[in-house]
Amino acid sequence: MKQGMKVLRLVPPLLLTPLAAALVRTLRTPALHSEYQPHENEERAKFLAEKLSRMVQCDTTSHANTPEVEKFLAFHKTLEALFPLVHEKLERTVIDGNLLYCWKGKSREKPILLMSHQDVVPAEGVWEHAPFSGEIADGKVWGRGAADTKSSLMAFFQAVEELLAEGYTPACDVYLASSCTEEWAGDGAPKLVAELQRRGVELFLVCDEGGGIISEPIGGIPGNFAMVGVFEKGKADVKFTARSSGGHASTPPKHSPIARLAAFVDDVETHSPFRRKLLPEVSAMFARLAPYAPFGLRLVMGNLWLFGPLMKQVLPAISAQAGAMLQTTVAFTMQSGSDAYNVLPQEATLGANLRFIPHQGERESLQIMEKLAEKHGLTMEVVHTNDYTPPVEIDGAAFRQVERVISETFPGLPISPYVMTGATDAQFYQPVCPSCIRFAPVIYGPEQMKGMHGLNENIEYNCLPGAVRFYQNLIRAQEQPRN
């Protein structure tokens, strides 16, 4: 490698090609390794695992547009038993099962809000450990909600519980919030936000789920990384319909409803109608992760000024997750047609889920899809839609403060901004907070990522003490000057 550097230094500047310049830059960039692993007191970790276990044992499955308040009121009883000081000292407001706590600080200025949802998705299939057993085995807490997201819910309740036991008073007001409709983007969080607006509360910082301590955030980059979500893509559910006069399948016409839908799907998936762009937040993510990548990947990710166009082309093929950070996406998810094999449908429908990116948001993306639908003789109905959330300033005071707290809590853990391709309750808090940051301070390895919304959900309990410390440090950080 040193010889290569000597050769490149001998090349006249006018002959130093962009590729050579990128190579020199990469060779001069030290290769780094993420070696962060939690090393916690086993007794402490098991103590927290027991609390999480009891929370998981409460079945808080939510179903879209189905009021289930009594289920969540029962869960609140468990929270009261596990965190008695929180419920004795903090002002609690319950709105249709949704929770809002206010911990009065020394100042009303620039309050913060910690949040994580109560509800979980249905637990289907055959599990290794019963989904609501909360079983503690093999260094993990098992069950629906252990990772998504009762672990972070437990952690900030416990953080406040212990600070109260110390007699601590925060520098500013601290709010705790937890909706019971997050899993279906229901009205729980909007009700809590409406209550904050009624009180005239404007938040300095919201810390919700979304990002986390992710193992191997991009294929080929090993180790744990703090991936801090800075905005969410928008979302729409859209229905496409093809109509005809129907008929018998023995004499099929050209361009039947299902054939038109199929041609439409093929057109969209073969020739994506959406532009790819490296947003500043995505470019920052690649720049921060580049030193931890193998040389070839480090060369490309660390020199987007040269390889940006290549990255935009190849990234979706390498990683669906990373590719979704570059453009609006559309996934076809539902379909219906005739009720009989030998009958042509008079009407066939197709459902799709779109996720909007800032450079081609809700309005433009929907217009593109409508024009394509018309081209194939289809009509389009928007069932639900909301646009992307404004990005958090990655050079702003709130993001920098979260960075400092992560570094303090998890020494040696690399930190990177991250684009949320999914949806969280944080999207609803934009009217009361410009800095809604998505970061759950627990470790999500491949097994945990697979288990969320899937079988055998679990969380390794050795990461729980660090999660509690993170929230304590974030609360204490409000004492420091913000710049």
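Quantities reported herein were computed from a predicted structural model and do not represent experimental measurements.

Quick look at the sheet that holds strand S17 (residues 458–460)
Paired through their backbone hydrogen bonds, the strands of a sheet run either parallel or antiparallel.
Link 1 in the chain: If you trace the three strands from one edge of the open sheet to the other, you get S4-S5-S17, paired in antiparallel fashion. Every interior strand has two partners, whereas the edge strands, strand S4 (136–137) and S17, have only one.
Link 2 in the chain: Relative to strand S5 (residues 140–142), S4 runs antiparallel, the two being bridged by two bridges. Bridge assignment links Ile136 to a residue of S5, and that residue is Val141.
Link 3 in the chain: The strands that helix H3 (residues 42–56) touches are S4, S5 and S17; relative to S5, the one it contacts most, it runs at about 10°.

Some points on the side chain of Gln478
Link 1 in the chain: Residue position: Gln478 is located in the segment after helix H16 (464–476).
Link 2 in the chain: Taking relative accessible area as the criterion, Gln478 reaches 7% and is therefore assigned buried.
Link 3 in the chain: Excluding residues within four positions of it along the chain, Gln478 makes contact with Ile112, Ala171, Cys172, Phe204 and Gln401.

Some remarks on the pattern of salt bridges
If charged atoms from side chains of opposite charge come close, those side chains can pair.
Link 1 in the chain: Scanning all chains against the criterion turns up 20 salt bridges.
Link 2 in the chain: For the salt bridge of Arg92 with Glu80, the shortest nitrogen-to-oxygen distance reads 3.2 Å. Taken together, the positions of Arg92 in strand S1 (residues 91–95) and Glu80 in helix H4 (residues 69–82) put the pair 12 residues apart, joining distant regions of the chain.

Some points on the pairing of strand S2 (residues 98–103)
Link 1 in the chain: Of all six residues in S2, six are buried, a share of seventy percent or more.
Link 2 in the chain: Of the two faces of S2, both are covered, the one formed by Asn98, Leu100 and Cys102 as well as the one formed by Leu99, Tyr101 and Trp103.
Link 3 in the chain: Two elements, S1 and S2, share five bridges in a ladder whose sense is antiparallel. Its bridge partner being in S2, Glu91 is matched across the sheet by Cys102.
Link 4 in the chain: Connecting S1 to the next strand, S2, in antiparallel fashion are two residues, including Asp96 with a positive phi near 55°.
Link 5 in the chain: As defined by bridge partners, S2 adjoins strand S6 (residues 172–178) across five bridges and the pair is classed as antiparallel. Across the sheet, residue Tyr101 finds its bridge partner in S6, namely Leu176.

With respect to a nonpolar patch on the surface
Link 1 in the chain: Side chains of Leu310, Val314 and Ile318 sit close together on the surface and give an oily, nonpolar patch of about 270 Å² of accessible area.
Link 2 in the chain: Assignment of secondary structure puts Leu310 in helix H11 (residues 304–318).
Link 3 in the chain: On the accessibility criterion, Leu310 (43% relative accessible area) is partly exposed.

With respect to the nonpolar core
Link 1 in the chain: Leu176, Phe286 and Ile406 are the most contacted members of the largest nonpolar core, which totals 99 residues.
Link 2 in the chain: With nine residues, helix H6 (residues 150–165) is the largest single contributor of residues to this core.
Link 3 in the chain: Apart from residues no more than four positions distant in its own chain, Phe286 is found in contact with Ile218, Leu278, Met301, Leu304, Met311 and Leu315.
Link 4 in the chain: Ala242, Leu354, Ile368 and Leu378 belong to the second largest nonpolar core, which has 22 residues in total.

A word on the sheet that holds strand S14 (residues 379–386)
Link 1 in the chain: In spatial order, the strands read S11-S13-S9-S14; together these four strands make up an open sheet with antiparallel pairing. Strands at the two margins of the open sheet, each flanked by one partner only, are strand S11 (329–336) and S14. Each neighbouring strand pair of the sheet contributes to a mean axis angle of 20°, computed without reference to strand direction.
Link 2 in the chain: Bridge count between strand S9 (residues 234–243) and S14: seven bridges; the pairing is antiparallel. Opposite Lys239, over in S14, you have Glu381 as the bridge partner.

Conventions we followed
Residues numbered from 1 in each chain as written. Predicted model: local features only at pLDDT ≥ 70, side-chain atom pairs only at ≥ 80, totals over all residues. Heavy atoms only, no water. Pairing = 2+ DSSP bridges. Helix = DSSP H or I, 4+ residues; strand = E, 2+ residues; numbered from the N terminus. Contact = heavy atoms within 4.5 Å. Axes fitted to C-alpha atoms, helices over the stretch in contact; angles between N-to-C directions. Buried < 20%, exposed > 50% of the residue type's maximum accessible area, 1.4 Å probe, protein only. Salt bridge = Lys/Arg side-chain N within 4 Å of Asp/Glu carboxyl O. Patch = residues over 30% accessible without salt bridge, like charges linked within 9 Å, V, L, I, M, F, W, Y side chains within 5 Å. Areas by Shrake-Rupley, 256 points an atom, 1.4 Å probe, with all protein chains shown as cover. Core = buried A, V, L, I, M, F, W, Y, C linked by side-chain atoms within 4.5 Å.

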